[in-house]
Amino acid sequence: CNDILVVLYYAGFLKVDPNNPLWPERDRFLLSKGHAGVGLYAILADLGFFSHNELNTLNQGSFFGEHPHHLVPGIEVVAGSLGHGLPISTGMALADKLDQKDRQTVVMMGDGECYEGSVWEGANFASHHRLDNLCAIIDRNSLITHGSTEDINALEPMIDKWRAFGWDAYEIDAHNIDDLVKFFSSLE
């Protein structure tokens, strides 16, 4: 997921302001797969949301825990309980639609979290409300804690499931920076 984070933040696809992390017009990014938080922390520090020295407090009783915490500048919500990111992001995106705000909400999930019913409820809700200001990214590496997603509880055909819920769904090589830039540019 780090390649995706790099493109989102450094190629300018997310409107953010490190000097004003709560800027009302910012785009929101939710890292639902909270166990990948250390990668997001490094990017936020590099962009100036907080000092690089803060990274030295990771898992040492500070707000910089393994899973992102909303008290860390640049983090929108507490992450960790898989399956919560998409439903939370649908609420944010719907609120922006109702308030006629021109901003995006982007959520990154792990594929193992797609075992959770709340993900599919969120997918259905977003489609029903035509939340075109919401982008859901699934890090489809086919791995969860105990092995392969396909051996434990098969998710394929994953893209067909999302399309059945009414989403425009795409598969791209998330390790190819050029492809990521082209893909996110096509969404603008």
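Since this is a predicted model, take the numbers as computed values, not measurements.

**Student:** How would you summarise the side chain of N133 if you had to cite specific residues and measurements?
**Tutor:** Mapped onto the elements, N133 comes out in the loop between α4 (117–128) and β3 (134–139). Side-chain polar atoms of N133 contact the backbone oxygen of A93, separated by 2.9 Å.

**Student:** So what's going on with unusual backbone geometry? Which residues, and what values?
**Tutor:** With omega at 5 degrees, the peptide bond leading from E156 into P157 counts as cis. Tracing the backbone through its elements, the reader meets P157 in the loop between α5 (149–153) and α6 (158–164). Despite not being glycine, Q100 shows a phi value in the positive range, around 55 degrees. Assignment of secondary structure puts Q100 in the loop between α3 (85–98) and β2 (105–110). In this structure, R130 is a non-glycine residue whose phi angle is positive, near 50 degrees.

**Student:** Break down the side chain of T105 for me, citing the residues and quoting the values.
**Tutor:** If you trace the backbone, T105 turns up in strand β2. Overall, T105 belongs to the buried group, its relative accessible area being 0%. Looking at T105, its side chain comes within polar contact range of the side chain of R28, at 3.5 Å. Not counting residues up to four positions away in its chain, the partners in contact with T105 are R28, L30, S89, M92, A93, D96, N133, L134 and C135.

**Student:** Go over the pattern of salt bridges, please, and point to the residues and values.
**Tutor:** Counted according to the given criterion, the structure contains seven salt bridges. A salt bridge links D96 to R103, with the shortest nitrogen-to-oxygen separation between them at 2.9 Å. Classification of R103 as buried rests on a relative accessible area of 9%. For D132, the salt bridge goes to K97, with nearest N and O atoms at 2.5 Å. Here K97 lies in helix α3 and D132 lies in the loop between α4 and β3, a separation of 35 residues in the sequence.

**Student:** Quick rundown of a nonpolar patch on the surface? Include the residues and the values.
**Tutor:** A cluster of nonpolar side chains, namely V6, Y10 and I177, defines an oily patch on the protein surface of about 240 Å² accessible area. Note on placement: V6 falls in helix α1 (residues 2–10).

**Student:** I'd like to hear about the state of the cysteines, residue by residue, with values.
**Tutor:** Evaluated as defined, the whole model comprises zero disulfides. No disulfide involves C114; its nearest neighbouring cysteine sulfur is the one of C135, lying 14 Å away.

**Student:** Which residues make up the pairing of β2, and what values do they have?
**Tutor:** Summarising burial for β2: six of the six residues are buried, a large majority. Burial along β2 is two-sided: T105, V107 and M109 and V106, M108 and G110, pointing in opposite directions, are all buried. The handedness of the β2 to β3 crossover, carried by α4, is right-handed.

**Student:** How would you sum up the packing of α3 against α4? Please name residues and give values.
**Tutor:** Contact geometry of α3 with α4 gives a least axis separation of 8 Å together with a crossing angle of 20 degrees. By the criterion of interaxial angle, the relationship of α3 to α4 is roughly parallel. The two elements α3 and α4 cross, and the hand of that crossing is left-handed. Residues L86, P87, T90 and L94 of α3 pack against S118, V119, G122, A123, F125 and A126 of α4.

**Student:** Explain helix α2 (residues 37–47) to me, using residue names and the numbers behind them.
**Tutor:** Taken together, the buried positions of α2 are occupied by G37, G39, L40, Y41, I43, L44 and A45. In the core, the buried residues of α2 are packed alongside α1 and β1 (28–31). Remark: G48 follows α2 within two positions and exhibits a positive phi of approximately 100 degrees.

**Student:** Go over the sheet that holds β3, please, and point to the residues and values.
**Tutor:** Pairing is parallel across the open sheet formed by three strands, whose spatial order is β1-β2-β3. Two strands lie at the open edges of the sheet, namely β1 and β3, each paired on one side alone. For this sheet, the mean angle separating the axes of adjacent strands, direction not counted, is 15 degrees. In this structure, β2 lies alongside β3, joined through six bridges in parallel fashion. In the sheet register, G110 faces β3, and the bridge partner there is D139.

Rules used throughout
- Going along each chain's sequence as written, the residues are numbered from 1 onward.
- Selection of residues for local features in this predicted model requires a pLDDT of at least 70, selection of side-chain atom pairs for listing and counting requires 80 or more, and totals for whole chains, interfaces and linings are taken over all residues.
- Only hydrogens and water are set aside; all other atoms, that is, all heavy atoms of the structure, feed into the side-chain values.
- Only DSSP runs of H or I with at least four residues qualify as helices, and only runs of E with at least two residues qualify as strands; both kinds are numbered from the N terminus onward.
- Contacts described as polar in this section are N or O atom pairs within 3.5 Å, which, within protein, must combine one atom able to donate a hydrogen with one able to accept it, while residues neighboring in sequence count only if both atoms come from side chains.
- Here the term buried applies to any residue with accessible area under 20% of the maximum for its type, exposed to any over 50%, and partly exposed to those in between, with areas from a 1.4 Å probe on protein chains only.
- Contact between two residues is taken to exist if any of their heavy atoms lie within 4.5 Å; hydrogens are not considered.
- Any carboxyl oxygen of Asp or Glu that lies within 4 Å of a side-chain nitrogen of Lys or Arg is treated as forming a salt bridge with it.
- Patch construction takes residues with relative accessible area above 30% that form no salt bridge. Like charges are linked within 9 Å, and nonpolar side chains (Val, Leu, Ile, Met, Phe, Trp, Tyr) are linked within 5 Å.
- Every accessible area reported is derived by Shrake-Rupley at a probe size of 1.4 Å, with residue values counting cover from the shown protein chains alone.
- Two cysteine sulfurs form a disulfide in these notes if their separation is within 2.5 Å.
- With strands facing away from the observer, any crossover in which the path from the first strand over the helix to the second runs clockwise is taken as right-handed.
- Here, axes are lines fitted to C-alpha atoms. For helices the fit covers the stretch in contact, and angles between N-to-C directions go from 0 to 180 degrees.
- Convention used here: angles under 35 degrees read as roughly parallel, angles over 145 as roughly antiparallel, angles from 65 to 115 as roughly perpendicular, and any remaining angle as oblique.
- Put simply, a crossing is left-handed when the front helix is turned counterclockwise from the back one by less than a right angle, and right-handed when it is turned clockwise.
- In short, DSSP must find at least two bridges between two strands for them to pair.

Any functional reading would require information that these geometric values do not contain.
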